[in-house]
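An overview of the molecular structure
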Amino acid sequence: MIQATGITKSFGPVKVLRGIDFHAVDHEVISIVGASGAGKSTLLQILGSLSRPDSGKVLIDGTDIFGLSSDALADFRNRHIGFVFQFHHLLPEFTALENVMIPALIARTSASDARRRASELLGSLGLGHRTSHKPSELSGGEQQRVAIARAMINNPSVIFADEPSGNLDSHTKKDIHQLFFDLRDRSGQTFIIVTHDRDLASMSDRMLEMRDGLFCL
């Protein structure tokens, strides 16, 4: 459901990606590992349509995402792609429920349907009793679960996660990574995860290693 070919990206004279080919199938959990500066996060941002490559093509569910207009790409991203980052980026003035609702409201889902879906997601992630709490009132693991619920609210085809457990203790890290598998089995999403933690990455269906802007053979 993802097919990327010939992806290159430079920042000034620095070549960060040197012709990456990548694919993922439905319901797959893939981890991408490698040293800092290997190009992992840059690749994830391109696959997730947040950054354009210098050359190459990315197809998601058969759509050439960089062939879309900027408005069409933003709409495609909101409906088909979810993101989870190391820093959860929850809006501090909103409750957990309201944070999760935001992408659904952007997709023009009715407020009542968005609220119902957000409540169901938070309940399924063990946060049914925390829906009215603001981020400052939640633990790090709870905040990340809210961010995961937000990523899933529009039932995307794929969820990209960039160091999703980087700020968490070892026990919570394992819980978050196991959650990705539970969600894959329950909801059918594909997960692409960038992580420095090789032990956690080894849980994935596939673990790919990057070095100097290319995948290691």
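Residues numbered from 1 in each chain as written. Predicted model: local features only at pLDDT ≥ 70, side-chain atom pairs only at ≥ 80, totals over all residues. Heavy atoms only, no water.

At a closest axis distance of 11 Å, the pairing of helix α5 (residues 140-152) and helix α6 (residues 170-187) adopts a crossing angle of 20°. Considering the angle they form, α5 stands roughly parallel to α6. Crossing of α5 over α6 shows right-handed handedness. From α5, G141, Q144, R145, I148 and M152 reach across to α6, where they touch T172, D175, I176, L179, F180, L183 and S187. (Axes fitted to C-alpha atoms, helices over the stretch in contact; angles between N-to-C directions. Helix = DSSP H or I, 4+ residues; strand = E, 2+ residues; numbered from the N terminus. Parallel < 35°, antiparallel > 145°, perpendicular 65-115°, else oblique. Left-handed = near helix turned anticlockwise from the far one by under 90°. Contact = heavy atoms within 4.5 Å.)

It is worth spelling out the pairing of strand β4 (residues 55-60) at this point. Taken together, the 5 bridges between strand β1 (residues 2-11) and β4 define a ladder with antiparallel strand orientation. Pairing of A4 across the sheet is with V58, part of β4. Where β4 lies against strand β5 (residues 63-64), 2 bridges are found, and the strand directions are antiparallel. Each bridged residue has a counterpart across the sheet, and for L59 the counterpart in β5 is D64. Taken together, β4 and the strand that follows it, β5, pair antiparallel across an intervening segment of 2 residues, in which D61 is found at a positive phi of about 50°. (Pairing = 2+ DSSP bridges.)

Under the counting rule described, the total for this entry stands at 9 salt bridges. With a shortest N-O distance of 3.3 Å, E120 and R116 are connected by a salt bridge. Taken together, the positions of E120 and R116, both in helix α4 (residues 111-124) and 4 residues apart, correspond to about one turn of that helix. Residue E120 is classed as partly exposed on the basis of its relative accessible area, which comes to 44%. (Salt bridge = Lys/Arg side-chain N within 4 Å of Asp/Glu carboxyl O. Buried < 20%, exposed > 50% of the residue type's maximum accessible area, 1.4 Å probe, protein only.)

Centre-to-centre distance and the angle between the planes together describe a pair of aromatic rings. All chains considered together, the criterion is met by 4 aromatic pairs. The interplanar angle of 25° and the centroid separation of 6.1 Å between the aromatic rings of F83 and F160 together place this pair among those described as stacked. Taken together, the residues F83 in strand β6 (residues 81-85) and F160 in strand β7 (residues 158-162) connect sequence positions 77 residues apart. F160 shares its class with F83; the two are buried. Ring geometry for F180 versus F191: centroids 5.2 Å apart, planes at 40°, classification tilted. One end of the pair, F180, is in helix α6; the other, F191, is in strand β8 (residues 190-194), with 11 residues separating them in the sequence. Residue classification places F180 among the buried residues on the basis of a relative accessible area of 0%. Pairwise contacts between aromatic rings join F83, F85 and F160 into one cluster. (Phe/Tyr/Trp six-rings, centres within 6.5 Å; stacked < 30°, edge-to-face > 60°.)

With respect to the element layout, H177 can be found in helix α6. Apart from residues lying up to four places away in sequence, H177 is in contact with S165, I193, T195, L200 and M203.

Taken in spatial order, the 6 strands of this open sheet run β6-β7-β8-β3-β9-β10, and their pairing is mixed. Each of the sheet's edge strands pairs with one partner strand only, and the pair in question is β6 and β10 (214-215). Relative to strand β9 (residues 206-211), strand β3 (residues 29-33) is paired through 4 bridges, and the arrangement is parallel. The residue of β9 that forms the bridge with I32 is L208. Of the strands in this sheet, β6 and β7 are in contact with helix α2 (residues 70-80), which crosses β6 at around 75°.

Coordinates in, geometry out; function isn't part of it.
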